[in-house]
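In case you want the letters, here they are:
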Amino acid sequence: GKPEWRGKPGRRTMSRKMLGLILQDKRTIQMSLTGVYGLGRHLAGTVCSKLGINPRTQIKDMHQSLLHKVEKLVENEYVVQTDLRDQQKADLMRLVQMRCYRGIRHQQGLPVRGQRTSTNAKTAKKMAQRRYKFLGMKFPNAPNKLDSR
């Protein structure tokens with residue numbers, strides 16, 4: 001995208017957009033890439049090495065065409081952002097629809113990987129509520145607000 005000026009007058013910095021993110025000028029390219037959902041430090045370093053970029057190069061020192069190359073490489077070679085979220089959603093829904101053990105455990109909001117449930121399992125139950133929110137479904141075990149009257 002086209003660079004734009006951001007911030008207070010006198011302290012304005014030019015910011016650039018890439019993969020839906022606003023890149024901060026003072027951050028390195030490797031750390032900026034970790035802001036992309038699905039790219040960690042290791043993959044960000046791999047992207048830099050594929051293009052022959054020093055991972056410690058700051059965004060302000062990079063030309064717009066180089067940032068465009070980075071964006072194209074990430075879009076073409078990796079599943080990131082919305083595509084990754086959609087893929088995760090589809091995988092989870094497939095398990096639930098298959099009615100396999102993992103799918104049932106996901107649906108019930110219980111630990112999926114064989115952990116004990118007589119004590120603990122609090123984190124799994126919290127994650128189940130987040131998972132349902134992520135899938136855009138209503139959590140089945142959530143108490144109804146009308147019941148508390």
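Description of the structure in this document. (Residues numbered from 1 in each chain as written. Predicted model: local features only at pLDDT ≥ 70, side-chain atom pairs only at ≥ 80, totals over all residues. Heavy atoms only, no water.)

**Considerations on the side chain of Arg16**
Stage number 1. When you line up the elements, Arg16 lands in strand β2 (residues 13–18).
Stage number 2. Although Arg16 is buried, it forms no salt bridge, and the closest oppositely charged side chain is Asp25 at an N-O distance of 5.0 Å.
Stage number 3. Polar contacts involving the side chain of Arg16 include one to the main-chain carbonyl oxygen of Met62, which spans 2.9 Å. (Helix = DSSP H or I, 4+ residues; strand = E, 2+ residues; numbered from the N terminus. Buried < 20%, exposed > 50% of the residue type's maximum accessible area, 1.4 Å probe, protein only. Lys, Arg positive; Asp, Glu negative; His and termini not counted. Salt bridge = Lys/Arg side-chain N within 4 Å of Asp/Glu carboxyl O. Polar contact = N/O pair within 3.5 Å; in protein donor to acceptor, adjacent residues only side chain to side chain.)

**Some thoughts on helix α2 (residues 41–51)**
Stage number 1. Those residues of α2 lying buried are Ala44, Gly45, Val47 and Cys48. Summarising the axial view, the buried residues of α2 lie within an arc of 155 degrees, below the 170-degree limit, and thus occupy one face. More than 90 degrees from the buried face of α2, the exposed residues found are His42 and Ser49.
Stage number 2. As for α2, its buried residues are in contact with α1 (29–33) and α3 (64–77).
Stage number 3. Gly52 occupies a position one or two residues after α2 and carries a positive phi of about 70 degrees. (Arc of directions from axis to C-beta. Contact = heavy atoms within 4.5 Å.)

**A few points about the pattern of salt bridges**
Stage number 1. Going through the model one piece at a time under the given rule, you end up with two salt bridges.
Stage number 2. Glu77 is the partner of Lys50 in a salt bridge, and the nearest nitrogen-oxygen pair spans 2.5 Å. Placement of the pair is Lys50 in helix α2 and Glu77 in helix α3, with a sequence separation of 27 residues.
Stage number 3. The class for Lys50 is partly exposed, based on a relative accessible area of 45%.
Stage number 4. Here Lys72 ties to Glu75 by a salt bridge, and the two come within 3.8 Å at their closest N and O atoms. You can see Lys72 and its partner Glu75 sitting in helix α3, three residues apart, about one turn around the helix.
Stage number 5. For Lys72, a relative accessible area of 39% puts it in the partly exposed group.

**With respect to the packing of aromatic side chains**
Stage number 1. Taken as a whole, this structure holds zero aromatic pairs when the rule is applied.
Stage number 2. Between Arg85 and the ring centre of Tyr37, over which it is positioned, the NZ or CZ distance is 3.9 Å. (Phe/Tyr/Trp six-rings, centres within 6.5 Å; stacked < 30°, edge-to-face > 60°. Lys NZ or Arg CZ within 6 Å of the ring centre and 35° of its normal.)

**Looking at the nonpolar core**
Stage number 1. Residues Met18, Ile29, Leu33 and Val74 are the most contacted members of the largest nonpolar core, which totals 19 residues.
Stage number 2. If you list the elements that add at least two residues to this core, you get α1, α2 and α3.
Stage number 3. Per element, the largest residue contribution to this core is four residues, and it comes from α3.
Stage number 4. Not counting residues within four places of it along the chain, the set of residues in contact with Met18 comprises Leu23, Ile29, Leu33, Leu67, Val70 and Glu71. (Core = buried A, V, L, I, M, F, W, Y, C linked by side-chain atoms within 4.5 Å.)

**Description of unusual backbone geometry**
Stage number 1. If you check the backbone angles, Asn120 has positive phi at about 65 degrees while not being a glycine.
Stage number 2. Inspection of the secondary structure puts Asn120 in the loop between α5 (101–108) and α6 (122–135).
Stage number 3. For Asn120, a relative accessible area of 57% puts it in the exposed group.
Stage number 4. Positioned with a positive phi, Ala121 is a non-glycine residue whose angle comes to about 65 degrees.
Stage number 5. Examined against the element boundaries, Ala121 turns out to sit in the loop between α5 and α6.

Keep in mind these numbers describe shape, not what the thing actually does.
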